[in-house]
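This is what each chain is made of:
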Amino acid sequence: MIKKWFVGFLVLAMTMLWGCGGSNNAGGTSSVIDGGAGEDATELSYWTFVELHGQHFEKMLGKWNQDNPDRQIKLNVTVMPYDDMHNKLSIAVQSGTGAPDIADIELGKFPDFLSGTPQLVPLNDVIDPYRDTIVQSRVDLYSKDDVNYGVPTHVGASVAFYNTQILEEVGVDYKEIVTWEDFKRAGMKVYEQTGKYMGTADTSASWQASMLLAQQGADYTDEAGNPQVNSEAMIRAMTVLKDLQDNQVIATIAGGQPDTEEAYGEFNAGNYVSAFMPLWQMSRYTNYMPDLSGKIAIAPIPVIEEGMPRSVGGGGTGTVITQTAKDIQLAKDFLAFAKLSLDANKEIWNTLGFDPVNMDVWEMKEVTHNPENAFVQYFVNNPFDVLNEIRDEIQLIKSTPATPTINNILSTTTYNEIFEDGKDITQALNDAQQQIEQELK
């Protein structure tokens, strides 16, 4: 059944600060984590654009070194901004010089690293022992010709985050919001009584568009991977969102989407009531919006028509081993241990607040409902109660070689034309389609 939901998967490429979540660092920072290793430990380098990923690896490194006294590792972790890291990594793997041993590659960038002959190490042998327990399509995301080159981090199920304090003030129950029409009525009530916006009209990200496309069983590309951003489904999706904006229910936000430093301040101040994001957005709340602790509830996303699927996978990071790694087998074994083992998946929830690809963890209440867990403490309701409610409804948006171009044009031009400039939706999408096709020639 798992394969049914996710085959092909996933989401449109995300630009700076996106994916499993981008680093907010202005520049790269490095630190060596010893994990209790002795002097004879092998030092491996790891590049990431997400600081929290380094924290997860630090926890798993200590466990690895304890379990493997003859194969201990020290990890040199470098955190860089999204674009800087991917650009430097691309040059390094192509030139065969200067690449780290281990690296994170965001989903939208991954097709670039698979073009031609991939300069990454195949990981099938270390993934094989875990195939019965993980969502296979999450591994397939980072594969080419049945060869697995990346290890996934999460499922990325999209959910709604509601500020219950504001909703309660105006007499709105978030549990009664099922459709976008329900959301519209609630949002109009919120704006009329408080002057606040129910949600955001995203201009620099495709989270919302992906959700509305997935509800309709549609995608940004056709079965052959050709762009189709001016489809009837995309026009309908943008029309729903534009109607919400025209009725003061949603509005553009600083930073262009909920997962930016500027937006965190707006949410913290209560200027926007809801965000529709993958589950990993929980870590943004706990890290950057402390004032909202105890006020945010998680719920399924509204749908255009009742009965449509209520979630889609969003974002993703595949961790890879480069061909120049100093000890390829050691790096591979550690990577599988750190991201695919049952213990690792528990820590991915505990440390990162991500929905683990090993869905056995979803059923472990001693883990998911641990009262000491920071995410359990922060949110009004338990995230896994919602995840298990929608687990059969999590849809897919493919990542294809056309994805980076599609995302770049939509998130830098098209959404701004629609939500900032008021350009006709059909015309804006037709123009985007034409520009994408030209750039892909």
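See the structure above.
Let us look at the structure shown here. (Residues numbered from 1 in each chain as written. Predicted model: local features only at pLDDT ≥ 70, side-chain atom pairs only at ≥ 80, totals over all residues. Heavy atoms only, no water.)

**Section: the sheet that holds strand β10 (residues 274-278)**
Pairing within the open sheet is antiparallel, and its 3 strands lie in the order β10-β7-β11. Each of the sheet's edge strands pairs with one partner strand only, and the pair in question is β10 and β11 (296-299). Neighbour-to-neighbour, the strand axes of the sheet open up by a mean angle of 30°, direction not taken into account. When strand β7 (residues 158-163) meets β10, the two strands line up antiparallel, connected through 5 bridges. Bridging from a neighbouring strand, Tyr162 pairs with Ser274 of β10. (Pairing = 2+ DSSP bridges. Helix = DSSP H or I, 4+ residues; strand = E, 2+ residues; numbered from the N terminus. Axes fitted to C-alpha atoms, helices over the stretch in contact; angles between N-to-C directions.)

**Quick word on the pairing of β7**
Each regular strand shows side chains that alternate between the opposite faces of the sheet. With respect to burial, β7 is a largely interior element, 6 of its 6 residues being buried. Because side chains alternate across β7, one face comprises the buried residues Ser158, Ala160 and Tyr162, and the other comprises Val159, Phe161 and Asn163, equally buried. Summarising the sheet, β7 and β11 pair through 4 bridges and their orientation is antiparallel. Residue Asn163 lies in a different strand from β11, and its bridge partner there is Ile296. (Buried < 20%, exposed > 50% of the residue type's maximum accessible area, 1.4 Å probe, protein only.)

**Some remarks on a negative patch on the surface**
Residues Glu168, Glu169, Asp173 and Glu176 make up a contiguous surface patch of negative charge. With respect to the helices, strands and loops of the structure, Glu168 is situated in helix α7 (residues 164-169). Given a relative accessible area of 60%, Glu168 falls into the exposed group. (Patch = residues over 30% accessible without salt bridge, like charges linked within 9 Å, V, L, I, M, F, W, Y side chains within 5 Å. Areas by Shrake-Rupley, 256 points an atom, 1.4 Å probe, with all protein chains shown as cover. Salt bridge = Lys/Arg side-chain N within 4 Å of Asp/Glu carboxyl O. Lys, Arg positive; Asp, Glu negative; His and termini not counted. Charge placed at Lys NZ, Arg CZ, Asp CG, Glu CD.)

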